[in-house]
Amino acid sequence: MPKIKKKNISKKYKKIKVAIKKIKIEPAAKVFKVSKTTPQVLRGFKDILPGEQKYWDLLRTKAEQIVQDFGYERIDFPLLEETSLFIRAVGKETDIIEKEMFSFEDRSGDQVSLRPEGTAQVARAYINHGMLNLPQPVKLYYLGPMFRYDRPQSGRYRQFNQFGFEALGEMHPVLDAQIIIMTYNFFKELGLKISLQINSIGCLNCRKEYKVQLLNYYKTQKADLCEDCKIRLGKNPLRLLDCKEEKCQAVSEDAPQIVDWLCEDCKNHFVRVLEFLDDLEIPYNLNSRLVRGLDYYTKTVFEVWPGPGTPREAGQGETEGEEKKAQIALGGGGRYDNLIELLGGRPTPAVGASLGLERIILKIKEANLEMPLIQKADIFVAQLGETPKRKAMALYETLRQEGFKIAEAFSKDGLKNQLEIANKLDVKYTLILGQKELSEGTILLRDMEGGVQETINYNKIIKELKKRLEK
Ligand code: AMP
């Protein structure tokens, strides 16, 4: 092997430094190769076309209904944050931090990341805006895109949307129950069958002892674990429980269960959460292997799987089913009593959930759920000639202000063309304004069902339409 001189290394290092500096200060077009082919949407990203919007409207409406019913207020966050926020909140040894963040250095050399999830931001905002001085609990919700550099496939994207709701500042188990009830109602009212998986992973104290037991057990089974789990043994033993590999699943069957190691306080808390759910007859499955993939959780954790049924029915214990389930978990959440303190705030308990909207839409489509009708126009405004077009535009504005549901094709000139569009839109009436009507002070009112056309005094058209549409 050739000897590398120290001088050469420092030369190379200098070159790299200059190149990085160049990227920061040069305009992008000078630094990056500009492709000449038609730009395509990036892998794992997608456009949401007009035809898809009805699903998004439905989810936004349902989300807003639920949060209003329970007194949660909207908060919006930037898409970009300091990278260290997520590393500290989500945890170094998690998939999100190890493999999935869109992180880069910005032009001033700051390490930033596209947000992979919302809870870390909720906690940051709570601290930054002194929300501990507000009446507690502070109840917040958000809805927007998250970014994870995951392997794209059906139900797994690199940009996806989450609806999240969080109650901060109080420890009471009724809040865990409320978050779970809101989650359950969201799906129930959409008409989707789900199964709620619930577990408690205790507090840091009871988990300390449990981790020792878990490690003792897994060390005896090391030979049967996948390579990732062998690494997890030394880093994040709780994650051993939710490994998707068949052989690791088999090993986890006999692993000690966290519920047997909960301290009195955690046990009581969990029992009370379950009692609240029982009172409201919310069905759930106790799932001792549910740990969730993020470090900040304490006590209650839960996930929503497409239902119906028990974990086994949902695929637990079968590699393919388990893999499927992992891909299609529709949402999840839990308590995170240490997160705000971990980020530099005062000790503040909190609990929340986040639901994956793309996956929910896939389920709505699969279940062929009936969608509410998109608001349809009643009246089409047609025009013939330049001056009538101007008058028709003014009439359109008046109709809009009067609250009529209206449609137009002002860029078209021929009447035939416009009537075809009106037909397609399935409007009840078309108003036709031509040169003749303009000079006579009238307008034609065409009943689209029978094709009958009447001449109406222009000044009486609003009254006439109100009468006919019973407004
Ligand atoms: P998590 O907190 O990671 O469990 O994410 C909450 C929910 O967001 C999941 O249950 C999914 O519904 C959704 N989700 C997470 N990652 C993705 C992804 N890469 N693509 C689509 N949805 C996702």
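Starting from 1, residues in each chain are numbered consecutively following that chain's sequence as written. Predicted model: local features are reported for residues with pLDDT of at least 70 only, side-chain atom pairs are reported and counted for 80 or more only, and whole-chain, interface and lining totals are derived from all residues. Hydrogen atoms and water are omitted, and side-chain values are computed over all heavy atoms in the structure.

A.B. asks: Would you mind going over the pattern of salt bridges with me for this structure?
C.D. replies: Where charged atoms from two side chains of opposite charge come close, those side chains can pair. For salt bridges, the criterion is a side-chain nitrogen of Lys or Arg within 4 Å of an Asp or Glu carboxyl oxygen. Here the structure, examined in full by the defined rule, presents 27 salt bridges. For the salt bridge of Asp242 with Arg239, the shortest nitrogen-to-oxygen distance reads 3.3 Å. Close ionic contact of Lys467 with Glu464 constitutes a salt bridge, the shortest N to O distance being 3.7 Å. With Lys467 and Glu464 both in helix 18 (residues 461-468) and three residues apart, the pair spans about one turn of that helix. The numbering of helices and of strands both runs from the N terminus, where a helix is a DSSP run of H or I of at least 4 residues and a strand a run of E of at least 2.

A.B. asks: Sorry if this is basic, but what is going on with the pairing of strand 4 (residues 111-114) here?
C.D. replies: It is a general feature of regular strands that their side chains alternate between the two faces of the sheet. The pairing criterion is simple: DSSP has to find at least two bridges between the two strands. As paired elements, strand 2 (residues 80-82) and strand 4 share three bridges and run antiparallel to each other. Pairing of Leu80 across the sheet is with Leu114, part of strand 4.

A.B. asks: Explain the sheet that holds strand 13 (residues 406-408) here, please?
C.D. replies: Across a sheet, strands are paired by hydrogen bonds formed along the backbone, either parallel or antiparallel in direction. Pairing in this open sheet of five strands is mixed, and the strands run 13-12-14-15-16 from one edge to the other. Looking at the sheet topology across the chains shown, the edges are occupied by strand 13 and strand 16 (453-457). Between one strand axis and the next, the sheet turns by 30° as a mean value, whatever way the strands run. When strand 14 (residues 429-433) meets strand 15 (residues 442-447), the two strands line up antiparallel, connected through four bridges. Pairing of Ile432 across the sheet is with Leu444, part of strand 15. Whether two residues are in contact is decided by their heavy atoms, any of which lying within 4.5 Å being enough. Lines fitted to C-alpha atoms define the axes here, with helix axes fitted over just the stretch in contact, and angles between the N-to-C directions of these axes take values from 0 to 180 degrees. Contacts from helix 15 (residues 386-401) reach strand 12 (379-383), strand 13, strand 14 and strand 15, with the element oriented near 165° to strand 12. Seen against the sheet, helix 16 (residues 415-425) touches strand 12, strand 13, strand 14 and strand 15 and runs at an angle of roughly 170° to strand 12.

A.B. asks: Honestly, helix 8 (residues 204-220) in this entry has me stumped. Any pointers?
C.D. replies: For an α-helix, the turn length of 3.6 residues means that residues three or four places apart are oriented alike. The end-to-end C-alpha distance of helix 8 is 24 Å, a good match for the 24 Å that 17 residues give at a rise of 1.5 Å each. Listing the buried residues of helix 8 in full gives Cys206, Arg207, Tyr210, Leu214, Tyr217 and Tyr218. Where the residues of helix 8 are buried, they touch helix 9 (227-235), helix 10 (246-252), helix 11 (264-279) and strand 9 (298-306). Helix span, as expected, comes to 1.5 Å for every residue beyond the first. To sort residues, take the accessible area from a 1.4 Å probe on protein chains only and compare it with the maximum for the residue type: under 20% means buried, over 50% means exposed, and anything in between is partly exposed.

A.B. asks: Just to check I follow, could you spell out the environment of Phe86 for this structure?
C.D. replies: One can find Phe86 in helix 4 (residues 83-90). Overall, the relative accessible area of 0% leaves Phe86 in the buried class. Considered as a pair, Phe86 and Leu343 are 257 residues apart in the sequence and their alpha carbons are 10.0 Å apart.

A.B. asks: Help me understand the state of the cysteines in this model?
C.D. replies: Here, the word disulfide means a covalent bond between the sulfur atoms of two cysteines. Throughout, disulfides are identified as pairs of cysteine sulfur atoms within 2.5 Å of each other. By the definition in use, this model includes zero disulfides. The thiol of Cys226 is not disulfide-bonded; the next cysteine sulfur, from Cys248, is found 3.6 Å away. Under the relative-accessibility criterion, Cys226 is labelled buried at 9%. Cys263 supplies the cysteine sulfur nearest to Cys266, a cysteine that is in no disulfide, at a spacing of 3.6 Å.

A.B. asks: Would you mind going over the site of the ligand with me for this structure?
C.D. replies: Near the ligand you find 14 residues, and of these Arg148, Tyr157, Gln162, Arg292 and Ala329 are the closest. Any N or O atom pair separated by 3.5 Å or less is treated as a polar contact, with the protein-specific requirement of one donor-capable and one acceptor-capable atom, and with residues adjacent in sequence counted only for side-chain atom pairs. Side-chain polar atom of Arg292 to an oxygen atom of the ligand: 2.8 Å apart, as the coordinates give it. One nitrogen or oxygen atom from the side chain of Arg359 is found 3.4 Å from a nitrogen atom belonging to the ligand. At the level of secondary structure, the elements contributing two or more residues to the shell around the ligand comprise strand 6 (159-168) and strand 11 (350-356). All amino acids are sorted into three groups, where Ala, Val, Leu, Ile, Met, Phe, Trp, Tyr, Cys and Pro are nonpolar, Asp, Glu, Lys and Arg are charged, and the leftover types, Gly among them, are polar. Taken together, the residues of the shell around the ligand sort by class into four nonpolar, five polar and five charged. Here a residue is considered near a molecule or strand provided that any single heavy atom belonging to it is located within 4 Å of it.

A.B. asks: What is the right way to look at the packing of aromatic side chains in this model?
C.D. replies: The description of an aromatic ring pair uses the distance of the two centres, along with the angle that the planes make with each other. Here a Phe, Tyr or Trp ring, Trp counted by its six-membered ring, pairs with any other such ring whose centre lies within 6.5 Å, and the pair is stacked when the planes are under 30 degrees apart, edge-to-face when over 60, and tilted otherwise. The final tally for this structure, using the stated rule, is 12 aromatic pairs. One aromatic cluster is present, formed by Tyr72, Tyr141, Phe163, Phe165, Phe186 and Phe187 through successive ring pairs. Both a distance and an angle decide whether a charge sits over a ring: NZ of Lys or CZ of Arg must be within 6 Å of the ring centre and within 35 degrees of the ring normal. The lysine or arginine in question, Lys46, covers the ring of Tyr157, its NZ or CZ lying 5.1 Å from the ring centre. When the ring centre of Tyr149 is taken as reference, the NZ or CZ atom of Arg158 above it lies at 3.8 Å.

A.B. asks: Can you help me understand the sheet that holds strand 5 (residues 138-147) in this one?
C.D. replies: What the eight strands build is an open sheet, ordered 1-5-6-11-10-9-7-8; its pairing is mixed. Two strands lie at the open edges of the sheet, namely strand 1 (73-74) and strand 8 (285-286), each paired on one side alone. With 10 bridges joining them, strand 5 and strand 6 adopt antiparallel strand pairing. Bridging across to strand 6, Met146 finds its partner in Phe160. The strands touched by helix 3 (residues 53-69) are strand 1, strand 5 and strand 6; relative to strand 5, the strand with the most contacts, the crossing angle is about 160°.

A.B. asks: Please explain the packing of helix 4 against helix 6 (residues 119-128) as it appears in this structure.
C.D. replies: Think of two packed helices as two axes; the pair is described by the angle between the axes and how far apart they sit. In the contact formed by helix 4 and helix 6, the axes pass within 9 Å of each other and the chain directions differ by 105°. When the interaxial angle is binned, helix 4 and helix 6 end up roughly perpendicular. For the pair helix 4 and helix 6, contact is made by Leu85, Phe86 and Ala89 and by Ala120, Gln121 and Arg124, respectively. Residue classes in the contact of helix 4 with helix 6 are distributed as four nonpolar, one polar and one charged. Each angle receives one of four descriptions, namely roughly parallel if under 35 degrees, roughly antiparallel if over 145, roughly perpendicular if within 65 to 115, and oblique otherwise.

A.B. asks: How do you make sense of the pairing of strand 16 when you look at a structure like this?
C.D. replies: When strand 15 meets strand 16, the two strands line up antiparallel, connected through five bridges. Bridging from a neighbouring strand, Leu445 pairs with Glu454 of strand 16. Hairpin connection of strand 15 to strand 16: five residues between the antiparallel strands, including Gly451 at a positive phi of 80°.

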